[in-house]
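Chain residues, written in single-letter form:
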There are 2 protein chains.
Amino acid sequence: MKIGWIGTGIMGASMCSHLIDAGHELTVYNRSVEKTSALTAKGAALAENPAQTARGMDVVFSIVGYPSDVEEVYFGDDGILSAADPGSIVVDMTTSSPDLAIRISRAAEEHRLSALDAPVSGGDVGAREARLAIMAGGDAKAFEKVKPLFEVMGKTIALMGPAGSGQHTKMANQIAITGTMIGMVEALLYTRRAGLDLDALIDVIGSGAAGSWSLNNLGRRIAAGNFEPGFMIMHFMKDMGIALDEAKRMNLGLPGLALVESFYRAAMGRGMERKGTQALFEVLDNLNALR
Amino acid sequence: MKIGWIGTGIMGASMCSHLIDAGHELTVYNRSVEKTSALTAKGAALAENPAQTARGMDVVFSIVGYPSDVEEVYFGDDGILSAADPGSIVVDMTTSSPDLAIRISRAAEEHRLSALDAPVSGGDVGAREARLAIMAGGDAKAFEKVKPLFEVMGKTIALMGPAGSGQHTKMANQIAITGTMIGMVEALLYTRRAGLDLDALIDVIGSGAAGSWSLNNLGRRIAAGNFEPGFMIMHFMKDMGIALDEAKRMNLGLPGLALVESFYRAAMGRGMERKGTQALFEVLDNLNALR
């Protein structure tokens, strides 16, 4: 298939690379052009803007930074929507707002395009190893057409409902993580204060009712004093911000999410934005270490 | 070995039964004597009080309700400590306070006994299937002597440190659970409000970075509208209360634990004490459903 790909950061470059390996004809675009070089070296054509990336394609994917970037890529001058061929499918894989996904879907319809929102989880490792979870929203027919491409990039692939449902699913994913993170971090703080070994704790509780991906993976990093990302706090802040905006729109009170977001916000204020999300441990440790 | 067993509730009865099956000579005691009948039918001798259960034994186990019950069983008239043979080992498997475990350990020493604190996780199913995690604190020599008995009851067995360390480990376990519970419950509330299917959500996010035992087990019950215990809210309240007391003693601020405990406290006020811990979903649902 002829595929346009917008956004070749750490996630996008790996995902796009899998599509090239699967024999598809890729045209790529990235705001910082140097991040496309590994892909053009593999045979991808280079476009100068989103419109050029979209024109004449069967499917156009985007995975960029913030909802404002998605908006620009879709609705801006030289954006996707005005350029994509009628009948083609546009797929935003950025973690972005459900609301924006619905707006894109409506605008796509006006341009006789189909739109899917399809954010992912699994991180850079999941992208590299084609083991992402891909959570989609939108039209079922468009989803079925794109599914073979998703299967090249990911392992768990689901159409969750109409436009916006992929983003809602990703938000639920992030909300669940806020809980596992604070529970894990407080358990480890308590453990250290009690004088016990953190790895020994994870060994004994990690596979039972207290077990979580966060404890068994990020907890190990905390035990080793490793606060490098993984997933950066600044990116988690973006996601929690979208979730809180949606919850506000729904008039849905989520006190756990609000609490955890406030501690990550404090981390931002302490210049920890590029640390891994497990550095929440340092925030609560500092909270308890005022002198 | 000659073993005394105090407390034959749902957990204790299964654990004690495994020891009988392994060929040990058991003497049992329970405040409500009818709960010992299945064990005496299997050949256990019946004692009339903790002292009688302890006298002449190699090892005495207890697994009762609240720290106040533990205190009574150890320090009361007809308690374990004044009756147990010098050189024998006393093992409290109740989830109780680290502080009390340390007091028992000191008193045991005065009576020339060894004491272990060894609470468990894994619930009634884990007890029945001898798959408990057993987290111990106390003297290493005593632990090595009792370990073969632990292995009859559990699967993951660890000596975590000196007296109190088993209880501290269990508290860390419960603190981690408070986080996974609120994250899971808020994620499911958000999901339902967004109009998506709860089981479909768990299918797609349950094995990734948002995954936890709580989501994959209790989340399924919520999706099915099943709020039966599992683990009763009133028992979780006891454990969170001990954890908060210890955190207070340590001057350790654990805001996530405090928040979640306050919602479970509200559940108690709503007469939900015998519902499963997953009924936190109903508390937050009700919070958002005020009319």
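What you see is a predicted model; the values in this text were computed from it and never measured. (Residues numbered from 1 in each chain as written. Chains lettered and ligands numbered in written order. Predicted model: local features only at pLDDT ≥ 70, side-chain atom pairs only at ≥ 80, totals over all residues. Heavy atoms only, no water.)

Would you explain empty space enclosed by the protein in this entry?
Where empty space is left becomes clear once a probe the size of a water molecule has been rolled over the atoms. Per the counting criterion, the structure on display carries two cavities of 30 Å³ or more. The computed volume of the largest cavity comes to approximately 60 Å³. Within the residue set of the lining of the largest cavity, elements represented by two or more residues are α6 (98-110) and β6 (114-117) of chain B. Looking at the lining of the largest cavity, its residues break down into five nonpolar, two polar and two charged. Put simply, the second largest cavity is a space of about 50 Å³. Around the second largest cavity, the lining residues are Y74(A), D92(A), A101(A), I104(A), S105(A), A115(A), L116(A) and D117(A). Listed by contribution, the elements that provide at least two residues to the lining of the second largest cavity are α6 (98-110) and β6 (114-117) of chain A. Class assignment of the residues belonging to the lining of the second largest cavity gives a composition of five nonpolar, one polar and two charged. (1 Å grid on protein atoms, 1.4 Å probe; cavity = no way out; pocket = protein on both sides within 12 Å on 5 of 7 lines; lining within 4 Å. Points joined across faces, edges and corners; volume = space filled by probe spheres on them. Helix = DSSP H or I, 4+ residues; strand = E, 2+ residues; numbered from the N terminus. Nonpolar A, V, L, I, M, F, W, Y, C, P; charged D, E, K, R; others polar.)

Is there a simple way to think about the domain arrangement of chain A in this case?
Many descriptions give the size of an interface as the accessible area lost when the pieces come together. Residues and elements named next belong to chain A. For chain A, the assigned domains read domain 1 (2-161) and domain 2 (168-289). Computed over C-alpha atoms, the centres of domain 1 and domain 2 are 29 Å apart. Every contact between the two is made by 14 residues of domain 1 and, on the other side, 12 residues of domain 2. Of the roughly 1000 Å² buried where domain 1 meets domain 2, counting both sides, 65% is carbon and sulfur surface. When residues of domain 1 are sorted by the area they lose upon contact with domain 2, Y66, T95 and P98 head the list and together hold 47% of the total. (Domains from an automatic or database assignment. Contact = heavy atoms within 4.5 Å. Buried area = accessible area lost by both parts, 1.4 Å probe.)

Is there a simple way to explain the pattern of salt bridges in this structure?
Opposite charge on two side chains makes pairing possible when the charged atoms of those side chains draw close. Counted by the stated rule, this structure contains 22 salt bridges over all chains. Of the charged contacts in the structure, one is a salt bridge between K275(A) and E282(A), with a shortest N-O distance of 2.8 Å. On the basis of relative accessibility, which here comes to 31%, the residue K275(A) falls in the partly exposed class. A salt bridge links R265(B) to E261(B); its shortest N-O distance comes to 2.8 Å. Remark: E261(B) and R265(B) occur in helix α13 (residues 255-269); sequence separation between them is four residues, near one turn of the helix. The network of salt bridges with shared partners includes D199(A), D203(A) and R220(A). (Salt bridge = Lys/Arg side-chain N within 4 Å of Asp/Glu carboxyl O. Buried < 20%, exposed > 50% of the residue type's maximum accessible area, 1.4 Å probe, protein only.)

Quick question: what am I supposed to make of the relation of the copies chain B and chain A here?
Each of the two copies of the chain can be brought onto the other by a rotation about an axis and a shift along it. For the match of chain B to chain A, the screw axis carries a shift of 0.0 Å, the RMSD comes to 0.0 Å, and the turn is 180°. In symmetry terms, the pair is related by a two-fold rotation axis. When you check the interface residues of chain B against chain A, 98% turn up at the interface there too, and the contact is symmetric in its surfaces. (Least-squares fit on C-alpha atoms with pLDDT ≥ 70 in both.)

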